[in-house]
Amino acid sequence: MRTTVSMTVNGRSVSDEVEPRTLLVQFLRDNLRLTGTHVGCDTSQCGACVVHVDGKSVKACSMLAVQADGREVLTIEGLAEDGELHPMQAAFKEHHGLQCGFCTPGMVMSAIDIVKQHPDPTEAEIRESLEGNLCRCTGYHNIVKSIVAGAKTMRG
Amino acid sequence: MYNFAYHRPDSVDAAKSVFSGGDDPKFVAGGMTLIPTMKQRLAAPSDLIDLDGIGALKGIKAEADKIVVGAMTTHADVAASPEIRKAIPALAKLVEAIGDPQVRNRGTIGGSIANNDPAADYPAALVGLGATVVTDRRQLAAEDFFTGLFETALEPDELITEVSFPIPEAAGYAKFANPASRYAIVGVFVARTGGGVRVAVTGAGPCVFRVPEMEKALASSFSADAVKDIKVSDSDFNSDIHASAPYRAHLVTVMARRAVEAAQ
């Protein structure tokens with residue numbers, strides 16, 4: 001019982017055979033070898049697997065690959081352009097927005113969605129909007145600092 | 001997750017026809033509860049019928065005296081709707097506090113109410129506002145729709161198409177959220193309408209319910225003071241690691257007071 005899915009991932013058209021039960025995150029990691037999207041809890045709590053589907057942040061462990069058929073998916077690997085980090089990635093680097101780094105891809109993907117909703121986010125808005133992202137190192141302070149800085153660069 | 005056949009019909013009729021041909025079929029809306037449940041193998045449908053391809057089930061319509069929300073409209077779209085923020089700001093606020101942004105980008109009103117989680121927010125809004133649930137075959141008052149713990153009046157093959165919210169004179173919602181999941185440990189929705197005052201409680205018991213004593217008190221004086229001393233009985237209330245039944249009963253009064261204070 002396999003089916004073909006086609007979608008655009010990081011600007012590239014991809015197509016592969018999957019089982020209907022294949023999760024989007026498995027498709028990204030196992031079929032496309034895009035292992036930047038992490039599986040932390042696998043129960044939709046932690047947000048390490050956050051990617052954008054048609055421009056909106058979603059948890060890739062709670063969506064089927066077949067549900068992303070025909071859509072545009074953006075993962076952490078798709079952010080940097082010509083070897084230049086995305087401003088949000090650069091801000092996380094500059095402000096030490098990571099400790100072990102496991103939650104970072106999801107944090108960065110959520111952060112970019114936060115800036116879309118709140119171009120000039122307050123600390124409270126950031127903390128509220130990070131509800132779905134957990135950092136087991138509890139490094140939230142610098143994550144919030146990074147997002148404030150990343151948002152500023154993104155505003156230009 | 002056990003395997004299944006995946007279907008993505010583009011109309012309600014097509015969805016029902018796939019359903020009738022399935023061995024143990026299930027509709028999926030946003031999948032924010034069903035997919036995790038399937039991953040735990042607590043649900044194993046033979047056929048998963050994805051309603052996301054049915055455009056007719058999406059969207060928000062503002063009419064003179066009501067707001068109609070399509071069953072497949074996401075929480076994010078309801079929260080951001082200028083019509084809802086203007087006509088029923090309490091509803092937008094309630095939806096804004098469901099889960100997290102990623103859940104709100106996928107989760108839908110139809111999926112949430114069909115699941116009828118005892119700690120979900122939407123049931124309080126529907127019963128509090130006296131909403132009507134419209135299905136492919138009938139219209140149900142919200143109170144008749146929610147029948148018990150994870151139970152609704154829906155027939156197995158019945159599909160919710162939209163929810164119609166009458167616009168209240170004023171409404172407010174207050175919830176004491178579980179700090180981890182944001183589900184309501186207790187949530188109280190209060191609405192003042194032309195037909196009287198309605199108070200609906202979620203999270204406290206096995207299913208959303210109204211509090212007639214508070215409604216009566218608020219009908220004569222719509223103020224926080226009117227409900228601050230009204231206690232509810234905790235018999236049949238939920239009791240778990242997060243809150244005991246007596247504590248939940250206490251929270252009903254506190255949240256009712258805050259909901260009235262927040263009403264606009």
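Residues numbered from 1 in each chain as written. Chains lettered and ligands numbered in written order. Predicted model: local features only at pLDDT ≥ 70, side-chain atom pairs only at ≥ 80, totals over all residues. Heavy atoms only, no water.

Asker: An account of the overall build of chain B is needed here, citing residue identities and associated values.
Answerer: Across its full length, chain B holds twelve helices and 14 strands. Its C-alpha atoms give chain B a radius of gyration of 18 Å, near enough to 18 Å, the size a compact globule of 264 residues would have. Counting only C-alpha atoms, chain B reaches 55 × 45 × 30 Å along its principal axes. Across the 264 residues that make up chain B, the buried fraction comes to 56%. Counting only contacts in chain B whose residues sit at least 6 apart along the sequence, the fraction spanning at least 24 positions is 59%. Summed over all atoms, the accessible surface of chain B reaches about 10700 Å², with 49% contributed by carbon and sulfur. (Helix = DSSP H or I, 4+ residues; strand = E, 2+ residues; numbered from the N terminus. Rg over C-alpha atoms; globule rule 2.2 N^0.38 Å. Buried < 20%, exposed > 50% of the residue type's maximum accessible area, 1.4 Å probe, protein only. Contact = heavy atoms within 4.5 Å. Areas by Shrake-Rupley, 256 points an atom, 1.4 Å probe, with all protein chains shown as cover.)

Asker: Any details on the domain arrangement of chain B? Residues and values, ideally.
Answerer: When its domains are assigned, chain B resolves into domain 1 (1-48) and domain 2 (170-262). In this structure, domain 1 of chain B and domain 2 of chain B have C-alpha centres spaced 35 Å apart. (Domains from an automatic or database assignment.)

Asker: Summarise the interface of chain B and chain A; cite the residues concerned and give the values.
Answerer: By a frequent convention, interface size equals the accessible area lost on bringing the separate parts together. Chain B puts 26 residues into the contact, and the matching count from chain A is 26 residues. Carbon and sulfur atoms make up 52% of the area that chain B and chain A hide from each other, which totals about 2200 Å². Summed over the three residues of chain B that lose the most area to chain A, namely Asn3(B), Lys39(B) and Gln102(B), the buried surface amounts to 28% of that side. There are four salt bridges connecting chain B and chain A. For Lys39(B), the salt bridge is made with Asp42(A), and the minimal N-O distance between the two is 2.9 Å. Secondary structure elements with two or more residues in the side of chain B that touches chain A: strand S1 (5-7), helix H2 (34-39), strand S3 (47-50) and helix H6 (101-106) of chain B. No other element matches the four residues that H6(B) contributes to the side of chain B that touches chain A. Residues of the side of chain B that touches chain A, tallied by class, amount to 13 nonpolar, five polar and eight charged. (Buried area = accessible area lost by both parts, 1.4 Å probe. Salt bridge = Lys/Arg side-chain N within 4 Å of Asp/Glu carboxyl O. Nonpolar A, V, L, I, M, F, W, Y, C, P; charged D, E, K, R; others polar.)

Asker: Go over the side chain of Lys59(A) with me, naming the residues and quoting the values.
Answerer: For Lys59(A), the location among the structural elements is in strand S4 (residues 56-59). Of the polar contacts made by the side chain of Lys59(A), one reaches the backbone oxygen of Gly132(A); its length is 3.2 Å. Ignoring anything within four residues of it in the chain, the contact list for Lys59(A) reads Ser44(A), Gln45(A), Gly47(A), Cys49(A), Val50(A), Gly132(A), Asp100(B) and Gln102(B). (Polar contact = N/O pair within 3.5 Å; in protein donor to acceptor, adjacent residues only side chain to side chain.)

Asker: Kindly report on the sheet that holds strand S4 (residues 60-62) of chain B, identifying the contributing residues and their values.
Answerer: All names here are of chain B. The sheet built from five strands is open, its strands ordered S4-S5-S10-S6-S7 with antiparallel pairing. Only two strands of the sheet have a single neighbouring strand rather than two, namely S4 and strand S7 (139-141). On average, each strand axis in the sheet is inclined to that of its neighbour by 20°, with strand direction left out of account. Helix H8 (residues 122-129) rests against strand S6 (132-135) and strand S10 (160-166) of the sheet, and its axis sits at about 55° to S10. (Pairing = 2+ DSSP bridges. Axes fitted to C-alpha atoms, helices over the stretch in contact; angles between N-to-C directions.)

Asker: Tell me what's going on with the pattern of salt bridges, and back it up with residues and numbers.
Answerer: Residue and element names in this part refer to chain B. According to the stated counting rule, one finds 26 salt bridges over all chains in the structure shown. The salt bridge partner of Asp 157 is Arg 137, with a shortest N-O separation of 3.2 Å. Of the two residues, Asp 157 sits in the loop between strand S9 (151-152) and S10 while Arg 137 sits in the loop between S6 and S7, which places them 20 residues apart along the sequence. Take Arg 137: its relative accessible area is 39%, and that puts it in the partly exposed class.

Asker: Run through the packing of aromatic side chains, naming residues and quoting values.
Answerer: Residue and element names in this part refer to chain B. The full count for this structure, using the stated rule, is five aromatic pairs over all chains. Measuring from ring centre to ring centre gives 4.7 Å for Phe 19 and Phe 27, while their planes differ by 25°; the resulting arrangement is stacked. A residue is classified by how much of its surface remains accessible, and Phe 19, at 13% relative accessible area, is buried. Residue Phe 27 is classed as buried on the basis of its relative accessible area, which comes to 16%. Considering the side-chain rings of Tyr 173 and Phe 189, the 6.0 Å spacing of their centres and the 35° angle between planes classify their relative orientation as tilted. With Tyr 173 in strand S11 (residues 170-177) and Phe 189 in strand S12 (residues 184-193), this pair connects stretches of sequence that are 16 residues apart. The side chain of Arg 41 reaches across the aromatic face of Tyr 2, ending 4.1 Å from its centre. (Phe/Tyr/Trp six-rings, centres within 6.5 Å; stacked < 30°, edge-to-face > 60°. Lys NZ or Arg CZ within 6 Å of the ring centre and 35° of its normal.)

Asker: So what's going on with the environment of Lys116(A)? Residues and values would help.
Answerer: Structurally, the position occupied by Lys116(A) is in helix H3 (residues 104-117). Spatially, the C-alpha atom of Lys116(A) lies 19 Å from that of Cys49(A), the residues being 67 residues apart in sequence.

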